[in-house]
Amino acid sequence: MLPGDVSGMNTIELGCGTAYVSAWLARAGARPVGIDVSEKQLATARAMQGEFGIDFPLVLGNAEKVPYEDNTFGLAISEYGASLWCDPYRWIPEAARLLVPGGRLVFMRYSPLFAMCVPSEGPASTNLSRGQFGLTRLDQGNHVQFILPHGEMLRLLRSCGFVVEDLIEIQAPQTAHEGYAEVSAGWARQWPSEEIWKARLAG
Ligand SMILES: C[S@@+](CC[C@H](N)C(=O)[O-])C[C@H]1O[C@@H](n2cnc3c(N)ncnc32)[C@H](O)[C@@H]1O
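What you are looking at is a predicted structure, and each value in this text was computed from that prediction instead of being measured. (Residues numbered from 1 in each chain as written. Predicted model: local features only at pLDDT ≥ 70, side-chain atom pairs only at ≥ 80, totals over all residues. Heavy atoms only, no water.)

### Comments concerning the overall build of the protein chain
Moving on, step 1. Within the protein chain, the regular secondary structure consists of seven helices and nine strands.
Moving on, step 2. Compactness check: the protein chain gives a C-alpha radius of gyration of 17 Å against a globular reference of 17 Å for 203 residues, within 12% of the reference.
Moving on, step 3. Its C-alpha atoms put the protein chain at 45 × 40 × 35 Å along the principal axes.
Moving on, step 4. With 203 residues in all, the protein chain has 45% of them scored as buried.
Moving on, step 5. Sequence separation of 24 or more characterises 67% of the internal contacts of the protein chain that already satisfy a separation of 6 or more. (Helix = DSSP H or I, 4+ residues; strand = E, 2+ residues; numbered from the N terminus. Rg over C-alpha atoms; globule rule 2.2 N^0.38 Å. Buried < 20%, exposed > 50% of the residue type's maximum accessible area, 1.4 Å probe, protein only. Contact = heavy atoms within 4.5 Å.)

Structure (structure tokens):
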């Protein structure tokens, strides 16, 4: 998920939660910042920093409107943070604003195929439970998730000045256990339930 050399790079994790991705970045020599809208998640992140002897700023705030200047970071990253919970038409332009020219955007999220195959209850099946058109915003009653289909995501990234460098569709390994409520290992060995996008800001 991480770019090769992040040493000395300013990075921001959008919707950092426990901020373990930023902890990896800190260990790799980056200067991370994590932002999350949940004080409780940040309290856990702080506790983890204490336990593992890693220290970087944790900011309470919305990843759709980040309190940092333009052109501040070399990498913006999200693992099921902004990439799932924020409106892509807000957080992706915001990531572009925060990045220096040539800066990287990396995010991991559910695949659109998974979102189409997962029923309202139970794990992903081999039936299509919902259409692709209108998938962008999934209103689940007490929460909303955003899963932009591939074409729309590509056009959005390009319109924000990004060049897409990779789209990694993740396959569960043979050794994967069967323990996830939303997808079985057997399903995820045949189809990608999650994916990683890698893009670079032109310039
Ligand atoms: C499933 S967690 C994943 C985060 C991290 N990778 C982890 O494993 O802890 C999703 C996080 O996104 C945060 N989040 C949701 N909406 C957000 C927003 N608008 N701005 C910032 N963070 C947000 C939640 O508070 C939560 O901590």
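### Considering unusual backbone geometry
Moving on, step 1. The phi angle at Ala19 is positive, at roughly 65°, despite the residue not being glycine.
Moving on, step 2. Mapped onto the elements, Ala19 comes out in the loop between β1 (10-14) and α1 (20-27).
Moving on, step 3. Residue classification places Ala19 among the buried positions, given a relative accessible area of 2%.

### Re the environment of Pro112
Moving on, step 1. For Pro112, the location among the structural elements is in helix α5 (residues 112-117).
Moving on, step 2. We classify Pro112 as buried; its relative accessible area is 5%.
Moving on, step 3. Sequence-wise, Pro112 and Asn71 are 41 residues apart; in three dimensions their C-alpha atoms are separated by 31 Å.
Moving on, step 4. Other than its neighbours up to four places away in sequence, Pro112 contacts Leu135, Ile147, Leu148, Pro149, His150 and Glu195.

### What about the packing of helix α4 (residues 88-98) against helix α6 (residues 150-159)?
The angle between the axes and the distance between the axes are what describe a pair of packed helices.
Moving on, step 1. As a packed pair, α4 and α6 sit with axes 10 Å apart at the nearest point and diverge in direction by 35°. Viewed along their axes, α4 and α6 form a crossing whose handedness is right-handed. Residues Pro88, Tyr89 and Ile92 of α4 touch α6, and the partners they reach there are Glu152, Met153, Leu156 and Leu157. (Axes fitted to C-alpha atoms, helices over the stretch in contact; angles between N-to-C directions. Left-handed = near helix turned anticlockwise from the far one by under 90°.)

### Quick notes on the pairing of β1
Moving on, step 1. Of all the five residues making up β1, four are buried; the element is thus mostly covered by neighbouring parts of the structure.
Moving on, step 2. For β1 and strand β2 (residues 31-36), the ladder comprises five bridges, and the chain directions are parallel. Bridge pairing links Ile12 to Val33 in β2.
Moving on, step 3. The parallel pair β1 and β2, bridged by α1, forms a crossover whose chirality is right-handed.
Moving on, step 4. Bridge count between β1 and strand β4 (residues 73-79): three bridges; the pairing is parallel. (Pairing = 2+ DSSP bridges. Right-handed = clockwise from strand over helix to strand, strands pointing away.)

In short, geometric facts, not functional conclusions.
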